[in-house]
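What follows is the residue order along each chain.
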Amino acid sequence: MHMGEIILDVRDQRTSFATARGMLAAVDGVSFTLQRGRTLGVVGESGSGKSVLSRSIMRLLPGNAVVPGGSRVILNGRDLTRLSEAELRRLRGPEMAIVFQDPMTSLNPVLSIGRQIMEVLMFHLGMKKRAARARAIELLTAVGLPQPDVRVDQYPHQLSGGMRQRVAIAIAIACEPDLLIADEPTTALDVTVQAEILDLLQRMVRERNMAMILITHDMGVVAGRCDDVAVMYAGRIVEQAPVRDLFRNTRMPYTAALLASIPKVTDPPHRKLDAIDGRPPDLINPPPGCPFAPRCKLADADCDQGKPMLEGPAGHLFACIRPLGQETAA
Amino acid sequence: MADVTSSRQGTQTEDKPQIDMNMVAIAMHRRSRRLGLYFWIPMIWLVIVAVACIFAPFWGLPPADEIDWVYIQSPPVEGHPLGTDNLGRDLLSRIVWGGRVSLTVGFAAPFIGVGLGLILGLIAGYYRGWADEVIGILIDAWLAIPGLVVLLLFSVVFGGSLFMVCVSLGLLFIPTAARITRAATLNYAGREFVLAAKAMGASDFRIMRKEIFPNIIWPLIAFILIDIPIAIVIEGALSFLGLSVKAPTPSWGGIIAEGREVLSTYPHIAMYPTLVMFVTVLSFNLVGDAIRRRLADVREGAI
């Protein structure tokens, strides 16, 4: 249970969907490892495959999803791709859990929140009703829900968005998972509540010594709260580095463009935003080379020759043959 | 909220008599939630009928098949408050005992139908795909068989057993119940809380039972409320035709059928059971409507 133990090892995860127009490669060869106590931020714009990646790890994909045999998801030394649905069910909750984006829809509207937490405790940990209720109140206290002994009998509609997300987190951590995936946990919340929820998640990871994957489209969220960051584009990780390194020493032009597109308080008023021109590539017929090449200011003819590998020195990986900061590196 | 009303009061106090807006709001809310006489009067009748039927042996009524040779086809007399029928059997006793049959069928048939329809609808709506196709085809095939044929078949094969009357009627309710369940299940099966439950290790059966079922119970209750009076009427019609429970056992339709033979001379024999059945069915409809309206409020508002 020491720090540094590898909780999750994803190897060449590929997830495609059979659609009317053809095979859509939503996740296209993603590999990474995650250690206990660490938080990996996964950043990318809509459609970059972040959420599909999280569902691929949990093995919660819809029926039209196709995962080739070479993909491996190894959680605590167990290869999830080789487990039966029944075996997976035993792991979901006690070993891995997920917090969804919208707490409005991820809680059952007709069951009291206490009931929803107790369900999980009674099912996975075999607790009796009374003990489960006591534990549910403890969990609600732990996630900072005010008046937990009253709230436990309330229904989701009686709670605010932030409170609901706290409940969703309480459910997710109820069985002390080793891996917590937070899939845009603050996107549906008020800005004022966002920081509280992120702080809470961070505290839970620290206190319970879990590993967390924090999926977001917000670079600001990643900056303060993650150990490592993986930037996703068109279903691939295009840059992965310790958070400090990624911001200080950005190598991948896409990451740089993402960072540049964030407006700064110090900018003069009425300044045009640095939006990234063009659109993300068609994932059914992806470009032959670097998927970002058509939008990249630094791209040249070589960029269209084959997909660049994700590689780099000293834990700072990037998938680019014309990286930024080349001069300083050389 | 209290702040808003109190500040409004402050401006009104000079010229108008002070009205506590909170009390008005509470009173209005209470009024809107009242069930009203259209609910309570029929409800009281149903309670009377139910208590009378359920505790039939305790009222000191003469047995429903005991013949009083002194009074045959008699109008109401001492000892026979509603008179006697063609064979001199006490009419009140027969109506009370007959009510047991009617109410049993009225409640059992919809529950059997909704119970089986619920299972089919849940499977079809949750799994979709081939399960949905197969169940859909089965339901269509079942609907192609006329209901009366099913009822006749059961009555011929099982010869008037009360249980089989309930089952045969229940079978007729399956298609609608299954379709209602399927539609409601489709609505909820794709919701994120189902995925969230799955992400916490819930099995399909568990999700159907614990996550989806509590959400779809309201349309099913409304459906049962509609079906109870329908089942009572159909059972009445079957008894009238002699296709329900066998002859010595009284049932409302059966008593009416017996009274029909002497309708011109002794109309009271057919009239009393008809009246009781009419008022009971009407009451079920009124109570059902009131509850369904209330459920609609609940679904729009609180939940």
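Cut-off values and rules
- Note that residues are indexed from 1 along each chain, following the sequence as it is written.
- Here chains are named by letter from A upward and ligands by number from 1 upward, in the order in which they appear as written.
- Given that the model is predicted, a residue must reach a pLDDT of at least 70 before its local features are reported, and side-chain atom pairs must reach 80 or more before they are shown or counted; all residues, however, enter totals for whole chains, interfaces and linings.
- Runs of E in the DSSP output that reach at least two residues are strands. Runs of H or I that reach at least four are helices, and both are numbered from the N terminus.
- When we talk radius of gyration, it's over C-alpha atoms, and the globule rule is simply 2.2 Å times the number of residues to the 0.38.
- Residue burial here comes from a neighbour count, namely the number of other C-beta atoms, placed from the backbone, that lie within 10 Å of the residue's own C-beta, with 20 or more meaning buried, 12 or fewer meaning exposed, and in between meaning partly exposed.
- Contacts here follow a simple rule: the backbone-placed C-beta atoms of the two residues must lie within 7 Å.
- A pair of strands is considered paired only if DSSP assigns at least 2 bridges between the two.
- The handedness rule is simple: strands pointing away from the viewer, and a clockwise path from the first strand over the helix to the second, make the crossover right-handed.
- UniProt positions are given in the numbering used here, feature names are shortened, and annotations may be inferred rather than shown by experiment.
- The predictor attaches a confidence to each residue, called pLDDT, with possible values from 0 through 100.
- What makes a nonpolar core is a set of buried Ala, Val, Leu, Ile, Met, Phe, Trp, Tyr and Cys residues, with links drawn between C-beta atoms within 7 Å.
- Expected helix span is taken as 1.5 Å per residue step, with the number of steps being one fewer than the number of residues.
- In this analysis an axis means a line fitted to C-alpha atoms, helices contributing only their contacting stretch, and an angle means the value between N-to-C directions, from 0 to 180 degrees.
- Between 65 and 115 degrees an angle is taken as roughly perpendicular, under 35 as roughly parallel, over 145 as roughly antiparallel, and anywhere else as oblique.
- Handedness of each helix crossing follows the sense of rotation of the near helix against the far helix: counterclockwise by less than a right angle gives left-handed, clockwise gives right-handed.
- Each residue gets one of three labels, nonpolar for Ala, Val, Leu, Ile, Met, Phe, Trp, Tyr, Cys and Pro, charged for Asp, Glu, Lys and Arg, and polar for the others, Gly among them.

K.L.:
Help me out: how do you make sense of the overall build of chain B in this one?
P.N.:
Secondary structure summary: chain B contains 11 helices and 0 strands in total. Start at the N end of chain B and walk to the C end: the helices and strands fall as α-α-α-α-α-α-α-α-α-α-α. Rg of the C-alpha trace for chain B: 26 Å, well past the compact-globule value of 19 Å for 303 residues, more than 25% over. Expressed as lengths along the three principal axes of its C-alpha atoms, the size of chain B is roughly 80 × 65 × 30 Å. For chain B, with 303 residues in total, the buried portion stands at 37%.

K.L.:
For this particular structure, what's the right way to read the overall build of chain A?
P.N.:
Of regular secondary structure, chain A possesses 12 helices and 12 strands. For 330 residues, the compact-globule estimate of 2.2 N^0.38 gives 20 Å, and chain A sits close to it at 21 Å. Expressed as lengths along the three principal axes of its C-alpha atoms, the size of chain A is roughly 65 × 50 × 45 Å. Look at the contacts in chain A between residues 6 or more apart in sequence, and 64% of them connect residues 24 or more apart.

K.L.:
What should I look at first to understand the interface of chain A and chain B in this one?
P.N.:
The figure often quoted for interface size is the accessible area lost as the parts come together. Contacts between the two partners involve 23 residues from chain A, matched on the other side by 16 residues from chain B. The element contributing the most residues to the side of chain A that touches chain B is helix H4 (residues 113-125) of chain A, with 4 residues.

K.L.:
Where do I start with the pairing of strand S8 (residues 179-183) of chain A in this structure?
P.N.:
For a regular strand, side chains alternate in direction, first toward one face of the sheet and then toward the other. All names here are of chain A. Counting buried positions along S8 yields 5 of 5 residues, so the element is predominantly enclosed. Because side chains alternate across S8, one face comprises the buried residues Leu 179, Ile 181 and Asp 183, and the other comprises Leu 180 and Ala 182, equally buried. Pairing geometry for S8 and strand S9 (residues 211-216), over 5 bridges, is parallel. Residue pairing in the sheet places Ile 181 in a bridge with Ile 213 of S9. Note on the crossover from S8 through helix H8 (residues 191-208) to S9: the handedness is right-handed.

K.L.:
Is there a simple way to think about the UniProt feature "domain: ABC transmembrane type-1" (unreviewed entry) in chain B in this case?
P.N.:
Here, UniProt's "domain: ABC transmembrane type-1" (unreviewed entry) annotation points to residues 99-288 of chain B. The distance separating the terminal C-alpha atoms of residues 99-288 of chain B is 19 Å; by composition the span is 84% helix and 0% strand.

K.L.:
Quick question: what am I supposed to make of unusual backbone geometry here?
P.N.:
Leave glycine aside and you will find that most residues have negative phi; peptide bonds, for their part, are mostly trans. Residues and elements named next belong to chain A. Backbone geometry at Glu 176 places phi at a positive 50°, although glycine is not the residue there. Structurally, Glu 176 can be placed in the loop between helix H7 (161-173) and S8. C-beta crowding within 10 Å serves as the criterion here: with 14 such atoms nearby, Glu 176 is assigned to the partly exposed category. A positive phi angle, close to 50°, is found at Ala 234, a residue other than glycine. If you trace the backbone, Ala 234 turns up in the loop between strand S10 (228-233) and strand S11 (236-242).

K.L.:
Before we go on, may I ask you to explain the confidence of the model for chain B in this structure?
P.N.:
Reading fine detail from the predicted coordinates is not recommended where pLDDT is low. Residues and elements named next belong to chain B. For chain B, per-residue confidence averages 84 on the pLDDT scale, and 92% of positions sit at 70 or higher. Highest mean pLDDT in chain B belongs to helix H5 (residues 129-144) (93); lowest belongs to helix H1 (residues 2-12) (47). Long-range and interchain partners of residues 4-13, a stretch whose pLDDT sits below 50, account for 6 contacts in this model, where long-range means more than four residues apart. At the level of chain-chain contacts, confidence expressed as ipTM amounts to 0.86, with global pTM at 0.81.

K.L.:
What should I look at first to understand the nonpolar core in this one?
P.N.:
Nonpolar side chains tend to gather and get buried jointly when the protein is soluble and globular. Ranked by internal contacts, the top residues of the largest apolar core, which has 156 residues, are Ile117(A), Ala170(A), Leu180(A), Val231(A) and Val238(A). Sorting elements by how many residues they give to this core places helix H4 (residues 91-127) of chain B first, with 16 residues.

K.L.:
Even after reading the chapter, I still don't get the UniProt feature "transmembrane region" (unreviewed entry) in chain B, so can you show me in this structure?
P.N.:
Residues and elements named next belong to chain B. Residues annotated by UniProt as "transmembrane region" (unreviewed entry) correspond here to residues 37-59, 107-127, 134-156, 162-181, 216-243 and 269-287. For residues 107-127, helix accounts for 100% and strand for 0%, while the C-alpha atoms at its two ends are 30 Å apart. The span residues 162-181 carries 100% helix and 0% strand; its end-to-end C-alpha distance comes to 27 Å.

K.L.:
When you look at the UniProt feature "domain: ABC transporter" (unreviewed entry) in chain A in this model, what are you seeing that I'm missing?
P.N.:
As recorded in UniProt, the feature "domain: ABC transporter" (unreviewed entry) lies at residues 10-259 of chain A. Helix makes up 41% of residues 10-259 of chain A and strand makes up 25%, while its end C-alpha atoms are separated by 26 Å.

K.L.:
Even after reading the chapter, I still don't get H7(A), so can you show me in this structure?
P.N.:
For an α-helix, the turn length of 3.6 residues means that residues three or four places apart are oriented alike. Residues and elements named next belong to chain A. In this model, H7 (13 residues) spans 18 Å end to end at C-alpha, consistent with the 18 Å of a helix rising 1.5 Å per residue. Of all 13 residues that make up H7, 12 are buried, and the element is covered over most of its length. If you check which residues of H7 are buried, you get Gly 162, Met 163, Arg 164, Gln 165, Arg 166, Val 167, Ala 168, Ile 169, Ala 170, Ile 171, Ala 172 and Ile 173. Against the buried residues of H7 lie strand S7 (96-99), helix H3 (103-106), H4, helix H5 (129-142), S8 and H8.

K.L.:
How do you make sense of the packing of helix H6 (residues 147-158) of chain B against helix H7 (residues 162-189) of chain B when you look at a structure like this?
P.N.:
To characterise two packed helices, one gives the angle between the axes of the helices and the distance between these axes. Residue and element names in this part refer to chain B. Where H6 contacts H7, the axes come no closer than 10 Å and their chain directions differ by 160°. It follows that H6 is roughly antiparallel to H7 by the angle criterion. In this structure, H6 crosses over H7, and the sense of that crossing is right-handed. Contact with H6, carried on its side by Gly 147, Val 150, Leu 151, Phe 154 and Phe 158, involves Met 164, Ser 168, Leu 171 and Leu 172 of H7 and no other residues of that element.

K.L.:
How should the sheet that holds S7(A) be read in this particular structure?
P.N.:
Each strand in a sheet pairs with its neighbour through backbone hydrogen bonds, running either in the same direction (parallel) or in the opposite one (antiparallel). Residue and element names in this part refer to chain A. With respect to topology, 7 strands assemble into an open sheet ordered S7-S8-S9-S3-S10-S11-S12, the strand pairing being mixed. Only two strands of the sheet have a single partner each, and these edge strands are S7 and strand S12 (317-318). Where S10 and S11 come together, 6 bridges link them in antiparallel fashion. When the bridges of S11 are listed, Val 229 appears paired with Ala 241. Here H7 sits on the sheet in contact with S7 and S8, set at roughly 175° to S7.

K.L.:
Just to check I follow, could you spell out the environment of Pro323(A) for this structure?
P.N.:
Residues and elements named next belong to chain A. Mapping Pro 323 onto the fold places it in the loop between S12 and helix H12 (326-329). A tally of 20 C-beta atoms within 10 Å means that Pro 323 is categorised as buried. In this structure the C-alpha to C-alpha distance between Pro 323 and Pro 253, which are 70 residues apart in sequence, comes to 6.6 Å. Apart from the residues within four sequence positions on either side, Pro 323 is in contact with Arg 251, Met 252 and Phe 318.

K.L.:
What's the story with the packing of helix H9 (residues 204-240) of chain B against helix H10 (residues 252-260) of chain B in this structure? I'm lost.
P.N.:
All names here are of chain B. One way to put it is that H9 packs onto H10 with a least axis distance of 7 Å and a crossing angle of 40°. Considered as vectors, H9 and H10 are oriented oblique to each other. For the crossing formed where H9 meets H10, the hand is right-handed. Taking contact as the criterion, the partners of Glu 235, Gly 236, Ala 237, Leu 238, Ser 239 and Phe 240 in H9 are, on H10, Trp 252, Gly 253, Gly 254, Ile 256 and Ala 257. Partitioned by chemical class, the residues of the contact of H9 with H10 number 6 nonpolar, 4 polar and 1 charged.

K.L.:
I'm lost on the pairing of strand S3 (residues 39-43) of chain A in this one. Help?
P.N.:
Residues and elements named next belong to chain A. Across the 5 residues of S3, 5 count as buried, placing the element largely inside the fold. Burial along S3 is two-sided: Thr 39, Gly 41 and Val 43 facing one way and Leu 40 and Val 42 facing the other are all buried. Relative to S9, S3 runs parallel, the two sharing 5 bridges. What sits directly across from Gly 41, in S9, is Leu 214. When S3 meets S10, the two strands line up parallel, connected through 4 bridges. Counterpart to Leu 40 in the pairing with S10 is Asp 228.

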